[in-house]
Amino acid sequence: MADVVIQLKDVCKTFGKAEVLKQVTAKFEAGKIYGIIGRNGSGKTVLFKCICGFVPVTSGTIRVRSQVVGKDVDIPKDMGIIIESPGFLPGYSGFHNLRFLARIRNKIDDEKIRETLRFVGLDPGDKKHVGKYSMGMRQRLGLAQAIMEDPEILILDEPMNGLDRQGVKEIRQCLLKLRDQGKTILLASHNAEDIRVLCDRVYEMDAGELFLAGEQPV
């Protein structure tokens, strides 16, 4: 039987009179990468924020494992997140930024941080302050932050932004390795090649409705 990790049922979200999510229903299983494609303003980022517990739904339910987000749990555990531009302390190195964050839960040690930085293609010994990082380096650091505590679920909104061609190739390889480890990955991307290479299933979002790519909402 498929291991359903995230389940959305009739999820709606309104801001005032604007209906941003409309009866969104879907299931996401362990060990798969799901692509979410759609134009800016289609509702992708709001959907991700609702799944993460950052924004409450207006109606419907989101279950992560068996827990209802906003009822059984405010913010689901065991979830790594990149939504919009990752924020870091600009006057510290990438390693020290991750160390500060790791101390919040004390789940990992310095060697695990170094291992994660190497995994995403950053040098853990680099003393350069994050304020002097390129956009691509910030994206790599954001991915390192998302995965360093080995979460089961990754919610990644445009994780390849700012990467050059080689960087994109390397991060794709990272994501495929994470999938092979059994992670559930939701990936929003404007890059058709990202979707083709990475995703086991692709959904399209249009005007707040979610449907399998190539199909039209009912």
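As the structure is a prediction and not an experimental result, all values here were calculated from the model.

Right, let's get into the pattern of salt bridges. Counting across every chain of the model gives 15 salt bridges. One salt bridge connects Glu 115 with Lys 112, and the closest N-O pair in it is separated by 3.5 Å. One end of the pair is Glu 115 and the other is Lys 112, both in helix α3 (residues 110-119) and three residues apart, which spans about a single turn. Assessed through its relative accessible area of 25%, Lys 112 is described here as partly exposed. The structure contains a network of salt bridges with shared partners spanning Asp 3, Arg 65 and Glu 152.

Judged by nonpolar contacts, the single largest core of 34 residues is most densely connected at Leu 98, Leu 117, Leu 141, Leu 143, Leu 156, Ile 171 and Leu 175. With six residues, the top contributor of residues to this core is helix α4 (residues 135-147). For Leu 141, the residues in contact, after removing those within four places along its chain, are Phe 88, Gly 94, Leu 98, Leu 117, Leu 122, Val 130 and Tyr 133. Counting 30 residues, the second largest nonpolar core, distinct from the first, contains Val 5, Ile 36, Phe 48 and Met 205.

Attention now moves to unusual backbone geometry. With a phi angle near 50°, Asp 10 is a residue other than glycine that sits in the positive phi range. Within the fold, Asp 10 resides in strand β1 (residues 4-15). Judged by relative accessible area, Asp 10 falls into the partly exposed class, the value being 33%. Notably, Gln 23 is not glycine yet its phi reads approximately 50°, a positive angle. Following the sequence through the fold, Gln 23 ends up in strand β2 (residues 18-29).

Take the pairing of β2 next. Pairing of β1 with β2 involves eight bridges; the strand directions are antiparallel. From the neighbouring strand, Leu 8 faces β2, where its bridge partner is Ala 26. Once β1 ends, the chain turns through two residues before running back antiparallel as β2, passing Gly 16 with a positive phi of about 65°.

Turning our attention to a nonpolar patch on the surface. On the surface, Leu 89, Tyr 92 and Phe 100 cluster together to form a nonpolar patch covering roughly 270 Å² of accessible area. Locating Phe 100 in the fold gives a position in helix α2 (residues 94-105). Since its relative accessible area comes to 32%, Phe 100 is described here as partly exposed.

Side chains of residues three or four places apart in an α-helix project in the same direction, reflecting 3.6 residues per turn. Residues Ile 113, Thr 116 and Leu 117 constitute the buried set of α3. Considered in projection along α3, the buried side chains sweep an arc of 100° and stay on one side of the axis. Those residues of α3 that are buried lie in contact with α2 and α4.

The next point concerns the packing of aromatic side chains. Following the criterion strictly, the structure yields three aromatic pairs and no others. A ring pair is formed by Phe 28 and Tyr 34, whose centres lie 4.9 Å apart and whose planes are at 80°; its orientation type is edge-to-face. Between Tyr 92 and Phe 100, the ring centres sit 5.0 Å apart and the planes meet at 85°, which makes this aromatic pair edge-to-face. Of the residues examined, Tyr 92 reaches a relative accessible area of 40% and is grouped as partly exposed. Following the ring pairs from residue to residue traces out a cluster consisting of Phe 28, Tyr 34 and Tyr 203. The ring of Phe 15 carries the charged tip of Lys 13 above its face, separated from the ring centre by 4.9 Å.

Turning our attention to the sheet that holds strand β6 (residues 79-82). Read from one edge of the open sheet, six strands run β6-β7-β8-β3-β9-β10, paired in mixed fashion. With partners counted over all chains shown, the strands left at the sheet margins are β6 and β10 (209-212), one partner each. In this sheet, neighbouring strand axes are inclined to one another by 15° on average, regardless of whether the strands run parallel or antiparallel. Pairing of strand β9 (residues 201-206) with β10, which is carried by four bridges, proceeds in the antiparallel orientation. In the strand pairing of β10, Met 205 is matched with Leu 210. Here helix α1 (residues 44-52) sits on the sheet and contacts β3 (33-37), β6, β7 (153-157), β8 (184-188), β9 and β10; the angle it forms with β7, its principal contact strand, is near 155°.

The rules behind each value
- Residues numbered from 1 in each chain as written.
- Predicted model: local features only at pLDDT ≥ 70, side-chain atom pairs only at ≥ 80, totals over all residues.
- Heavy atoms only, no water.
- Salt bridge = Lys/Arg side-chain N within 4 Å of Asp/Glu carboxyl O.
- Helix = DSSP H or I, 4+ residues; strand = E, 2+ residues; numbered from the N terminus.
- Buried < 20%, exposed > 50% of the residue type's maximum accessible area, 1.4 Å probe, protein only.
- Core = buried A, V, L, I, M, F, W, Y, C linked by side-chain atoms within 4.5 Å.
- Contact = heavy atoms within 4.5 Å.
- Pairing = 2+ DSSP bridges.
- Patch = residues over 30% accessible without salt bridge, like charges linked within 9 Å, V, L, I, M, F, W, Y side chains within 5 Å.
- Areas by Shrake-Rupley, 256 points an atom, 1.4 Å probe, with all protein chains shown as cover.
- Arc of directions from axis to C-beta.
- Phe/Tyr/Trp six-rings, centres within 6.5 Å; stacked < 30°, edge-to-face > 60°.
- Lys NZ or Arg CZ within 6 Å of the ring centre and 35° of its normal.
- Axes fitted to C-alpha atoms, helices over the stretch in contact; angles between N-to-C directions.

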